[in-house]
Amino acid sequence: MQAWRVHRNGEPSEVMRLEEVDRPTPGEGQLLLRVRAANINFPDALLCRGQYQVRPPLPFTPGVEICGESEDGRRVIANPALPNGGFADYVVADAAAVLPAPDELDDAEAAALHIGYQTGWFGLHRRAQLRAGETLLVHAAAGGVGSAAVQLGKAAGAHVIGVVGGADKARIARELGCDVVIDRREDDIVAAVKEATGGRGANVVYDPVGGDAYAKSAKCVAFEGRIVIVGFASGTIPSPALNHALVKNYSIVGLHWGLYNQMDPVAIRACHEELTKLAAQGVIKPLISGRVAMKDAADAVQRVADGTTTGRLVVIPEGDAR
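The rules we used
Residues numbered from 1 in each chain as written. Predicted model: local features only at pLDDT ≥ 70, side-chain atom pairs only at ≥ 80, totals over all residues. Heavy atoms only, no water. Helix = DSSP H or I, 4+ residues; strand = E, 2+ residues; numbered from the N terminus. Rg over C-alpha atoms; globule rule 2.2 N^0.38 Å. Buried < 20%, exposed > 50% of the residue type's maximum accessible area, 1.4 Å probe, protein only. Contact = heavy atoms within 4.5 Å. Areas by Shrake-Rupley, 256 points an atom, 1.4 Å probe, with all protein chains shown as cover. Pairing = 2+ DSSP bridges. Axes fitted to C-alpha atoms, helices over the stretch in contact; angles between N-to-C directions. Parallel < 35°, antiparallel > 145°, perpendicular 65-115°, else oblique. Left-handed = near helix turned anticlockwise from the far one by under 90°. Nonpolar A, V, L, I, M, F, W, Y, C, P; charged D, E, K, R; others polar. Phe/Tyr/Trp six-rings, centres within 6.5 Å; stacked < 30°, edge-to-face > 60°. Lys NZ or Arg CZ within 6 Å of the ring centre and 35° of its normal.

(A) Summary view of the overall build of the protein. Looking only at helices and strands, the protein features 12 helices and 15 strands. Here the C-alpha radius of gyration of the protein, 19 Å, is about what a compact globule of 322 residues would show, namely 20 Å. Based on the C-alpha atoms only, the size of the protein along its principal axes is roughly 60 × 40 × 35 Å. Residues counted as buried form 55% of the 322 residues belonging to the protein. The long-range share in the protein, meaning contacts at least 24 apart out of those at least 6 apart in sequence, stands at 67%. Surface accessibility of the protein: about 14,000 Å² in total, with carbon and sulfur atoms responsible for 48%.

Quick look at the structure:
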């Protein structure tokens, strides 16, 4: 079978190589899955660079979430067991963690439902306790993680402010349902948030960017607001001034979604049931900006690493485009 493999760490376009390899063999409690679609996540770029919290042994195949087909014909969502990730024709995955793919979503959409939307749901509902009528500020609102948070925020009845970089991404953020869109290249984020909220600030901030985005968030978060730390796509991990959080009375909340797999797997399945209902209602639908052939996967991962994409890029194995 074909699989993209990384033999040394570096930029995805330089270190990913498409090779012929043996089909993986499932171990006890695992399933063999034929890959129907593999979603590209920012962690795939970090895996290539050797900068992710998990560092599989070299060589490895990136690709942390897929829509696949089991040997008994079920269409499922899964996180492949590294080092044999999803940018391949076949993967193995832990049977206990495999979830049914919603019928309302095609393969590419189903592949993009799991990590981003679960992260958004846990971040907004479990960690931030977002309430209807509150204002939600989403950084990188046109990206894969941000677009999921925008849709989930609207589904929860929040007033959503999206921050993007550039006119094209601003257009997409509006189409996703953002009530207010701020172009960080043109607008003063802090002033714009305060103007949109009558000076109160954002009740919940969803930040997958870090760096300057976090610094601006701390200046426009509301009284008793919550800043949810999701990741650091900017490459800069901020050092928050805790005295500022104290005197302004807001919370800084961390979210490591993968930890729920270890500590509370029942909650993962309950969340998936809720996401499936929302998908059936048409309230959420992953934004797929491109379906790429297997041969183009390395370039696509590089585009995600460079931050030039909107929504999700999804790898479709040759001869299996849907």
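Let's pick the thread back up.
(B) Examining the sheet that holds strand β9 (residues 159-164) more closely. Within the open sheet, the 6 strands sit side by side as β10-β9-β8-β11-β12-β13. Their pairing is parallel. Sheet topology places β10 (180-183) and β13 (251-254) at the edges, where each strand pairs with a single neighbour. Averaged over neighbouring strand pairs, the angle between their axes works out to 20 degrees when direction is ignored. Examined bridge by bridge, strand β8 (residues 135-139) and β9 share 5 bridges and lie parallel to one another.

(C) Local environment of the side chain of Thr61. Topologically, Thr61 is positioned in the loop between α2 (42-49) and β4 (65-70). The contacts of Thr61, once residues within four sequence positions are left out, are Ala3, Trp4, Arg5, Leu82, Pro83, Asn84, Gly85, Gly86, Phe87 and Ala88.

(D) Quick look at the packing of helix α4 (residues 114-127) against helix α5 (residues 144-155). Two numbers describe how α4 lies on α5: the axes approach to 9 Å, and their chain directions differ by 50 degrees. Here α4 lies oblique to α5, going by the angle between them. Handedness of the crossing formed by α4 with α5: right-handed. Residues Gly116, Tyr117, Gly120, Trp121 and Leu124 of α4 touch α5, and the partners they reach there are Ala148, Ala149, Gln151, Leu152 and Gly153. Among the residues making up the contact of α4 with α5, the classes are represented as 6 nonpolar, 4 polar and no charged.

(E) The arrangement of the packing of aromatic side chains in detail. Tallied over the full model, the rule gives 2 aromatic pairs. On the numbers, 5.5 Å between centres and 80 degrees between planes, the contact of Trp121 with Phe122 is edge-to-face. Each member of the pair Trp121 and Phe122 is classed as buried. Ring centres of Phe122 and Tyr260 lie 4.2 Å apart, and the angle between their planes is 35 degrees; this geometry places the pair in the tilted category. Here Phe122 is found in helix α4, whereas its partner Tyr260 is found in helix α10 (residues 258-263), with 138 residues between them in sequence. The structure contains a cluster of three or more aromatic residues connected by ring pairs, namely Trp121, Phe122 and Tyr260. When the ring centre of Tyr90 is taken as reference, the NZ or CZ atom of Arg23 above it lies at 3.9 Å.

(F) Main features of the packing of α2 against helix α12 (residues 297-306). Close contact between α2 and α12 brings their axes to 8 Å; oriented N to C, the two are set at 100 degrees. What the angle tells us is that α2 and α12 run roughly perpendicular. Seen from α2, the contacting residues are Phe42, Asp44, Ala45 and Arg49; seen from α12, they are Val301, Val304 and Ala305. Residues belonging to the contact of α2 with α12 are distributed by class as follows: 5 nonpolar, no polar and 2 charged.

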